[in-house]
Amino acid sequence: SSDLVQYRGSIAQCSVKLNDSPQVMSAQWLEQRSCSPELYNRVRRLWSRSERSQPMGALRQKFFHDADQRLIRVISTPVGRPMSEWLLSRQFDVDESLRTAISLVECLQSWHSAKLVRGWLSSETVFRDADQQVELADWSLLGMNDQQGILSLPVEELIFLPPETIGSLPRNICPASDLYSV
């Protein structure tokens, strides 16, 4: 049913259950005709790399298929709530904030050891559970499309952008960019 499909920018997604697992997963796909060749190829590289390298805290990618003009993948569903739901509401104390930050830094250390750099910790792609442990979804869950730019982002996203992403420093995205976002 088409009402079960959600779109985040050019990426479609729906919930699925795999035969060998009781866990509900997320199926995502991107049609080449629905976006620019540049965005399609960026997502292809990201999803293909996610199949090979899944550092600590990453949403687990269970399946990837590079079909004719369509990319398809199945990833685990986040356990916690997105940071956007609790961050600006001030529903946390200093201890919770520090445990969350430590969990984030531990995840990022694993990402950086695998030669992966996030470049931006969006409040929509960082999920926190009741124990302040985090999971990180990749940027494709933001649903970026070809027309979106930095000016279209809400303030709760802008506060996490490192200077090199917003253009106030030369565009040299590196592990330090991730630490800035923390």
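Here the structure is a predicted model, which means the values were calculated and not measured. (Residues numbered from 1 in each chain as written. Predicted model: local features only at pLDDT ≥ 70, side-chain atom pairs only at ≥ 80, totals over all residues. Heavy atoms only, no water.)

## Quick look at the pairing of strand β4 (residues 61-67)
Consideration 1: Where β4 lies against strand β5 (residues 70-76), 6 bridges are found, and the strand directions are antiparallel. Pairing of Q61 across the sheet is with I75, part of β5.
Consideration 2: Between the antiparallel neighbours β4 and β5 lie 2 residues, among them Q69 with a positive phi of about 65°. (Pairing = 2+ DSSP bridges. Helix = DSSP H or I, 4+ residues; strand = E, 2+ residues; numbered from the N terminus.)

## Some details on the pattern of salt bridges
Consideration 1: According to the stated counting rule, one finds 5 salt bridges in the structure shown.
Consideration 2: Among the ionic pairs, E31 bridges to R70, the shortest N-O distance being 2.6 Å. Here the residue E31 occupies a position in strand β3 (residues 24-31), and R70 occupies one in strand β5, the gap between them amounting to 39 residues.
Consideration 3: For E31, a relative accessible area of 15% gives the class buried.
Consideration 4: Taking relative accessible area as the criterion, R70 reaches 35% and is therefore assigned partly exposed.
Consideration 5: The network of salt bridges with shared partners includes E31, R33 and R70. (Salt bridge = Lys/Arg side-chain N within 4 Å of Asp/Glu carboxyl O. Buried < 20%, exposed > 50% of the residue type's maximum accessible area, 1.4 Å probe, protein only.)

## Considering the nonpolar core
Consideration 1: Counting residues in each nonpolar core, the largest one holds 13 residues, and the members touching the most others are L104, W111, L121, V126 and L136.
Consideration 2: Listed by contribution, the elements that provide at least two residues to this core are α2 (83-86), α3 (94-113) and β8 (134-136).
Consideration 3: Those residues in contact with L104 that lie beyond four places of it in its chain are L121, V126, V134, L136 and V182.
Consideration 4: Counting 10 residues, the second-largest nonpolar core is a separate cluster that includes C35, Y40, V43 and W47. (Core = buried A, V, L, I, M, F, W, Y, C linked by side-chain atoms within 4.5 Å. Contact = heavy atoms within 4.5 Å.)

## Quick word on the sheet that holds strand β1 (residues 6-8)
Consideration 1: An order of β1-β2-β3-β5-β4 is seen for the 5 strands of this open sheet, with the pairing classed as antiparallel. Two strands bound the open sheet, and with one partner strand each, they are β1 and β4. Taken over all neighbouring pairs, the strand axes of this sheet differ in orientation by 25° on average, direction set aside.
Consideration 2: Here β1 pairs with strand β2 (residues 11-17) via 3 bridges, running antiparallel. Note that in β2 the partner of Y7 across the bridge is A12.
Consideration 3: Across the sheet, helix α1 (residues 37-52) lies against β2, β3, β4 and β5, angled at about 140° from β4, the strand it touches most. (Axes fitted to C-alpha atoms, helices over the stretch in contact; angles between N-to-C directions.)

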